[in-house]
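Structure at a glance
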Amino acid sequence: MTLFGALRLPAEILFGAGQRHALGRVAQRLGQRALVVTDARFTATPAFAGMVADLEQAGLVVQVHDAVLPDVPVASVAEGVAAVRGFEPDLVVGIGGGSCLDFAKCAALLLSHGGALQDYYGEFKVPGPVLPLIAVPTTAGTGSEVTPVAVISDAERTLKVGISSPYLISRVAICDPELTLSCPPMLSAIAGADALTHAIEAFTAIKRTPDAALTQEHVFIGKNALTDQQALHAIGLLGHNLERAVSVGEDLEARSAVMMAAMAAGAAFGTAGTAAAHAIQYPVGALTHTPHGLGVAALLPYVMAYNRPACETELAQVAVALGAAEAADDRGHAAQAAIDAVVRLFAAIGIPRSLGELGLPTDQLDWTAEQALGIGRLIKNNPRPLDLATMRRLVRAAHA
Ligand code: NAD
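So, how was this worked out
Residues numbered from 1 in each chain as written. Predicted model: local features only at pLDDT ≥ 70, side-chain atom pairs only at ≥ 80, totals over all residues. Heavy atoms only, no water. Helix = DSSP H or I, 4+ residues; strand = E, 2+ residues; numbered from the N terminus. Rg over C-alpha atoms; globule rule 2.2 N^0.38 Å. Buried < 20%, exposed > 50% of the residue type's maximum accessible area, 1.4 Å probe, protein only. Contact = heavy atoms within 4.5 Å. Areas by Shrake-Rupley, 256 points an atom, 1.4 Å probe, with all protein chains shown as cover. Near = heavy atom within 4 Å. Polar contact = N/O pair within 3.5 Å; in protein donor to acceptor, adjacent residues only side chain to side chain. Domains from an automatic or database assignment. Axes fitted to C-alpha atoms, helices over the stretch in contact; angles between N-to-C directions. Parallel < 35°, antiparallel > 145°, perpendicular 65-115°, else oblique. Left-handed = near helix turned anticlockwise from the far one by under 90°. Nonpolar A, V, L, I, M, F, W, Y, C, P; charged D, E, K, R; others polar. Salt bridge = Lys/Arg side-chain N within 4 Å of Asp/Glu carboxyl O. Core = buried A, V, L, I, M, F, W, Y, C linked by side-chain atoms within 4.5 Å. Pairing = 2+ DSSP bridges. Lys, Arg positive; Asp, Glu negative; His and termini not counted. Phe/Tyr/Trp six-rings, centres within 6.5 Å; stacked < 30°, edge-to-face > 60°. Lys NZ or Arg CZ within 6 Å of the ring centre and 35° of its normal. Buried area = accessible area lost by both parts, 1.4 Å probe.

A look at the overall build of the protein
Scanning the protein from terminus to terminus reveals 17 helices and nine strands. Whereas a compact globule of 400 residues would reach a radius of gyration of roughly 21 Å, the protein reaches 20 Å, a difference of no more than 12%. Counting only C-alpha atoms and orienting by the principal axes, one finds that the protein spans roughly 60 × 45 × 40 Å. Across the 400 residues of the protein, 58% fall into the buried class. Considering only contacts within the protein whose residues lie at least 6 apart along the sequence, 78% involve residues at least 24 apart. Surface accessibility of the protein: about 15,600 Å² in total, with carbon and sulfur atoms responsible for 54%.

Notes on the site of the ligand
Residues in contact with the ligand amount to 25 residues; listed here are only the nearest, Asp 39, Gly 98, Ser 99, Thr 139 and Thr 147. For the ligand, an oxygen atom lies 2.7 Å from a polar atom in the side chain of Thr 147. Among the secondary structure elements, those contributing two or more residues to the shell around the ligand are α5 (98-113), β7 (149-152) and α6 (185-204). Both domains that furnish three or more residues to the shell around the ligand are identified here as domain 1 (12-180) and domain 2 (185-399).

A word on the packing of helix α10 (residues 276-288) against helix α11 (residues 292-307)
At a closest axis distance of 8 Å, the pairing of α10 and α11 adopts a crossing angle of 130°. Classified by the angle between their axes, α10 and α11 sit oblique to one another. Note on packing geometry: the crossing formed by α10 with α11 is right-handed. Of α11, the residues touching α10 (which contributes Ala 276, Ala 277, His 278, Ile 280 and Gln 281) are His 292, Gly 295, Val 296, Leu 299 and Val 303. Residues belonging to the contact of α10 with α11 are distributed by class as follows: six nonpolar, four polar and no charged.

Re the pattern of salt bridges
Scanning the model with the defined rule gives eleven salt bridges in all. The residue Arg 344 makes a salt bridge to Glu 243 at a minimum N-O spacing of 3.2 Å. Here Arg 344 is found in helix α13 (residues 331-348), whereas its partner Glu 243 is found in helix α8 (residues 225-247), with 101 residues between them in sequence. Accessibility expressed as a relative area gives 32% for Glu 243, which makes it partly exposed. Two residues, Asp 251 and Arg 244, come together in a salt bridge whose shortest N-O distance is 2.4 Å.

Focus: the nonpolar core
Here is a general trend for soluble globular proteins: nonpolar side chains tend to be buried in one another's company. In this structure, Leu 196, Ile 235, Ile 280, Phe 346 and Met 391 are the most contacted members of the largest nonpolar core, which totals 83 residues. Among the elements that take part in this core, helix α9 (residues 252-272) stands out by supplying 13 residues, more than any other. Taken together, domain 1 (12-180) and domain 2 (185-399) each give at least three residues to this core, which thus spans both. By size, the runner-up hydrophobic cluster in this structure holds 30 residues, among which are Val 92, Ala 104, Tyr 121 and Ile 163.

Examining the sheet that holds strand β1 (residues 12-15)
Ordered by their spatial adjacency, six strands build an open sheet running β1-β9-β6-β4-β2-β3, and the pairing between neighbours is parallel. Of all the strands in the sheet, the pair left with one neighbour each is β1 and β3 (61-65). Each neighbouring strand pair of the sheet contributes to a mean axis angle of 15°, computed without reference to strand direction. Pairing of strand β2 (residues 33-37) with strand β4 (residues 91-96) involves four bridges; the strand directions are parallel. Pairing of Ala 34 across the sheet is with Leu 91, part of β4.

Comments concerning the side chain of Glu 201
Within the element layout of this structure, Glu 201 appears in helix α6. Although Glu 201 is buried, it forms no salt bridge, and the closest oppositely charged side chain is Arg 377 at an N-O distance of 9.7 Å. Setting aside its immediate chain neighbours within four residues, Glu 201 contacts Gly 273, Thr 274, Ala 275, Ala 276, Ala 277, His 278, Leu 300 and Val 303.

A word on the pairing of strand β6 (residues 133-137)
Burial of β6 is extensive: five of the five residues sit out of reach of the surface. Of the two faces of β6, the one carrying Leu 133, Ala 135 and Pro 137 and the one carrying Ile 134 and Val 136 are both buried. With five bridges connecting them, β4 and β6 associate as parallel partners. Among the inter-strand pairings, Val 93 is bridged to a residue of β6, identified as Ile 134. The sheet contact formed by β6 and strand β9 (residues 172-175) spans two bridges and is parallel. Along β9, the bridge assignment pairs Ile 134 with Val 172.

Brief notes about the packing of aromatic side chains
Tallying each qualifying case throughout the model produces one aromatic pair. With 5.8 Å between their ring centres and 80° between their planes, Phe 42 and Phe 48 make a pair best called edge-to-face. Accessibility assignment for this pair places Phe 42 and Phe 48 in one class, buried. Positioned above the aromatic ring of Phe 87, the side-chain terminus of Arg 33 is 4.4 Å from the ring centre. Over the ring of Tyr 306 we find Arg 384, and its NZ or CZ is 4.2 Å from the ring centre.

Side note on the domain arrangement of the protein
Each domain of the protein was delimited in the assignment, giving domain 1 (12-180) and domain 2 (185-399). Once you take the C-alpha centre of each, domain 1 and domain 2 turn out to be 26 Å apart. Each partner contributes residues to the interface: domain 1 has 23 residues there, and domain 2 has 28 residues. Surface buried jointly by domain 1 and domain 2 totals about 2,100 Å² across both partners, of which 74% is contributed by carbon and sulfur atoms. Three residues, Phe 15, Ala 140 and Leu 159, lead the burial of domain 1 against domain 2; their summed loss comes to 26% of the area buried on that side. The interface formed by domain 1 and domain 2 holds zero salt bridges in total.

See the structure below:
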């Protein structure tokens, strides 16, 4: 078999307990004036004080912006950037959950190219390199530390919006699982389930190459060996460690495995993309105001079941990675085992079993289906085609 693949990643990834102490050394190579972007929760921790001290000891001048809000309201980015522009940073350090990392990407973008975030909504609108970014995640889920995506909320729009560009990939990701030890069980569950959804959607997606996506001339259908490898690695780690990381939060080994999985899943979907579960979550999130990870996870088993006829081979491999089947030979049996294993794992960590449980009103199901179908880049990437009738059926099945 001829192997084929594409993968875009940070230039440097540091991973492991205590790696946050490398921040000063790493930042020193990228600039002298560091804008540190985080939220009020993290600035109150000893870890934050230590990281700022490390930066200063390495000779950097530091300004902190600690007003990041969950889901990154677009106006908050404009205000934050206006407040720090006079500081003239030459690098941006994002420390926190996906919201802080995405805010840092947006700040680096506006500081480099000006204008408003609205100018860059969608794919490939960023005109060139942005200030070097260092991403230090404190949740294990979004994978934002390695992805080319920033997700924000815009009060003018019903659905959240994304800015996607290879220029938004952080220069360095520093992944220190000790920073996730403080995540409460539900946050750990939501983030980990988000990562599993990224990995499974990337592994079963119609895998576009970045170059094909850049030119939009053709869609590559086939195996992207490089993203598949990352996705399967993530699925295996999550299948064997997520439940424990949620129930025994101080277990550093389980936390490390889940953080590694989140990063690998980010590497996979950052290139291969996500699909229907993510498309449907956009309107579901807008209507229910529930976290992104909760919505995609509640949808995942239903999307897997719908997609099964188009990707039984891949789902059988997912089952093996999760430890739910010994071999992928009996594809039908193994594919069902993968779906059952995801249902069982999500039930064990407290993920709602349906859109109804998430609070989606029954009279909004058709609107949800229409909005989801409108997110063309995700729908086109779904392994089994969807039209309005099949999307309506899928949304109804997921609501039951
Ligand atoms: P988050 O960043 O929104 O944080 C949620 C809450 O958890 C906040 O109150 C935060 O202070 C708290 N928190 C963070 N780390 C903690 C810790 N170690 N201990 C205790 N509390 C902690 O949550 P998230 O799930 O990491 O990120 C969600 C955001 O990321 C959404 O906006 C979503 O759309 C986006 N997202 C982005 C990408 C991407 O590739 N850029 C991918 C998926 C999701």
